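Coordinates in review
Now for the letters of each chain:
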Protein chains: 2
Amino acid sequence: MQRVISFIVSNQPGVLCRISGLVSRRGFNIESLTVGVTDDPALSRITIVMFADDSVIEQVIKQFDKLLDVKAIKEIPRDKGTLREIALVKVGAVGIDRKDFMEVVNSRWGVVLDMGEHTTTVQLTGTISYINESIEAFKKFGIVEIARTGMVALESGDTQLYKGDDY
Amino acid sequence: MQRVISFIVSNQPGVLCRISGLVSRRGFNIESLTVGVTDDPALSRITIVMFADDSVIEQVIKQFDKLLDVKAIKEIPRDKGTLREIALVKVGAVGIDRKDFMEVVNSRWGVVLDMGEHTTTVQLTGTISYINESIEAFKKFGIVEIARTGMVALESGDTQLYKGDDY
């Protein structure tokens, strides 16, 4: 099952390397990893999506929590979180049925951002699985290239992962 | 100036650590870094945004291009690229003017994704600077927490960064 872990770390050189090093040494099966700044420039938020059962998740959280740079860490259950990823997909546009193409764009809530002579670039937004399904739907037109951010998540409701001095 | 570098790497354990290790050892001033899968499961796309002049960018590209795992690397000029980031912003919702709040949401093309008792979570999409400006506009309501993906980019038009066997 896809699980989402969110954590707040010090925004310092080397932190990402320590985190990703731990991930690869332990052989965790990571689906996506994103790093973004928070409203406090001293802190970054890392979101990891991975396939794992309860015991692995428990182990991951314990391992990461040991790292000095990790200020807070928590699993965000998928049914209790707001989860989003963005993908840019450049699709072939030669000899395609444009009406059919725009129907796929609209049915997947896509946004056309750029049109080349032979390609069209579409923005897709949603969860990882929603974007995977959407990309499948575009495959018949031919995928030229893809850029995906990986997924971010916030817990639903009023919770706050890390109550730093700045909050 | 903010510059965007996109590269295609082997999707193997340890690659992210080698890349982020090089970044931190060289002291590059990274604004954002994203890693996402491509349509070929053997390859990932990394997008780095950094403040740098031409000579630094040249040096960065040369350094990364030396790494065995890097299949292709290119700067994406901001005026010749489609650039997007997604941010989830949890904003205070107690004692605020809801009409004013929704005006800010709509003026920044935001989407309300979740409403707690005391907070509202808004999705923002755009370039890094657009999202920075949008977050500024929400500050008067009180920011509770933020999750940002970092920016991804595809070159405008029909270009393709890496022509692998799968294309």
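Along chain A, the regular secondary structure elements total 4 helices and 9 strands. Walking chain A from its N terminus toward its C terminus, one meets helices and strands in the order β-α-β-β-α-β-β-α-β-β-α-β-β. Seen through its principal axes, chain A has C-alpha atoms that stretch 55 × 35 × 30 Å. Counting across all 167 residues of chain A, residues that qualify as buried make up 56%. At a minimum sequence separation of 6, the contacts of chain A that also span at least 24 residues come to 73%. Accessible surface, chain A as shown: approximately 7,500 Å² in total, 50% of it carbon and sulfur. Separation between the mean location of the 20 positive side-chain charges and that of the 23 negative ones in chain A comes to 3 Å.

All names here are of chain A. One non-glycine residue with positive phi stands out, namely Trp109, at about 55°. In this fold, Trp109 is placed in the loop between α3 (98-107) and β6 (111-115). Exposure remark for Trp109: the relative accessible area of 70% places this residue in the exposed category.

So, about the relation of the copies chain B and chain A. Once chain B has been moved 0.0 Å along the axis and rotated by 180°, it coincides with chain A to within an RMSD of 0.0 Å. Interpreted geometrically, this transformation is the action of a two-fold axis. In terms of proximity to the rotation axis, the leading residue of chain B is Cys17 of chain B, whose C-alpha is 2.3 Å off the axis. Comparing interface residues between copies, 98% of those in chain B also sit at the interface in chain A, which points to an isologous, same-surface contact.

Quick look at the sheet that holds strand β4 (residues 70-75) of chain A now. Read across the sheet, 8 strands follow the order β4(A)-β1(A)-β3(A)-β2(A)-β2(B)-β3(B)-β1(B)-β4(B) without closing on themselves; strand pairing throughout is antiparallel. The open sheet terminates on both sides in strands that have one partner only, identified here as β4 of chain A together with β4 (70-75) of chain B. The mean angle between the axes of side-by-side strands here comes to 15°, regardless of whether they run parallel or antiparallel. Pairing analysis gives 3 bridges linking strand β2 (residues 30-37) of chain A to strand β2 (residues 30-37) of chain B, with the strands arranged antiparallel. The residue of β2 of chain B that forms the bridge with Leu33 of chain A is Val35 of chain B.

Next up on the list: helix α4 (residues 128-138) of chain A. Those residues of α4 of chain A that sit buried are Ile128, Ile131, Ser134, Ile135 and Phe138 of chain A. In an axial view of α4 of chain A, the angular spread of the buried residues amounts to 125°, which keeps them on one side of the axis.

A few words now on the domain arrangement of chain A. Residue and element names in this part refer to chain A. Structurally, chain A comprises domain 1 (2-75) and domain 2 (82-152). The interface is formed by 8 residues belonging to domain 1 together with 7 residues belonging to domain 2. The tally of links from domain 1 across to domain 2 stands at 1 residue pair in polar contact (both at pLDDT 80 or more). Of all the secondary structure elements, the ones that give two or more residues to the side of domain 1 that touches domain 2 are β1 (2-10), β2 and β3 (43-51). Grouping the constituent residues of the side of domain 1 that touches domain 2 by class yields 3 nonpolar, 4 polar and 1 charged.

Angle between the axes and distance between the axes are the two parameters that describe a pair of packed helices. Residue and element names in this part refer to chain A. Two elements in contact, α3 and α4, have axes whose closest approach is 10 Å; the angle formed by their N-to-C orientations is 175°. By the criterion of interaxial angle, the relationship of α3 to α4 is roughly antiparallel. When α3 is examined against α4, the residues Phe101, Val104, Val105 and Ser107 are found in contact with a partner set consisting of Tyr130, Ala137 and Phe138. When grouped by side-chain class, the residues that make up the contact of α3 with α4 number 6 nonpolar, 1 polar and no charged.

Turning our eyes to something else, we now look at a nonpolar patch on the surface. A cluster of nonpolar side chains, contributed by Met102, Val112 and Met115 of chain B, occupies part of the molecular surface with about 250 Å² of accessible area. The class for Val112 of chain B is partly exposed, based on a relative accessible area of 31%.

Conventions and cut-offs
Residues numbered from 1 in each chain as written. Chains lettered and ligands numbered in written order. Predicted model: local features only at pLDDT ≥ 70, side-chain atom pairs only at ≥ 80, totals over all residues. Heavy atoms only, no water. Helix = DSSP H or I, 4+ residues; strand = E, 2+ residues; numbered from the N terminus. Buried < 20%, exposed > 50% of the residue type's maximum accessible area, 1.4 Å probe, protein only. Contact = heavy atoms within 4.5 Å. Areas by Shrake-Rupley, 256 points an atom, 1.4 Å probe, with all protein chains shown as cover. Lys, Arg positive; Asp, Glu negative; His and termini not counted. Charge placed at Lys NZ, Arg CZ, Asp CG, Glu CD. Least-squares fit on C-alpha atoms with pLDDT ≥ 70 in both. Pairing = 2+ DSSP bridges. Axes fitted to C-alpha atoms, helices over the stretch in contact; angles between N-to-C directions. Arc of directions from axis to C-beta. Domains from an automatic or database assignment. Polar contact = N/O pair within 3.5 Å; in protein donor to acceptor, adjacent residues only side chain to side chain. Nonpolar A, V, L, I, M, F, W, Y, C, P; charged D, E, K, R; others polar. Parallel < 35°, antiparallel > 145°, perpendicular 65-115°, else oblique. Patch = residues over 30% accessible without salt bridge, like charges linked within 9 Å, V, L, I, M, F, W, Y side chains within 5 Å. Salt bridge = Lys/Arg side-chain N within 4 Å of Asp/Glu carboxyl O.

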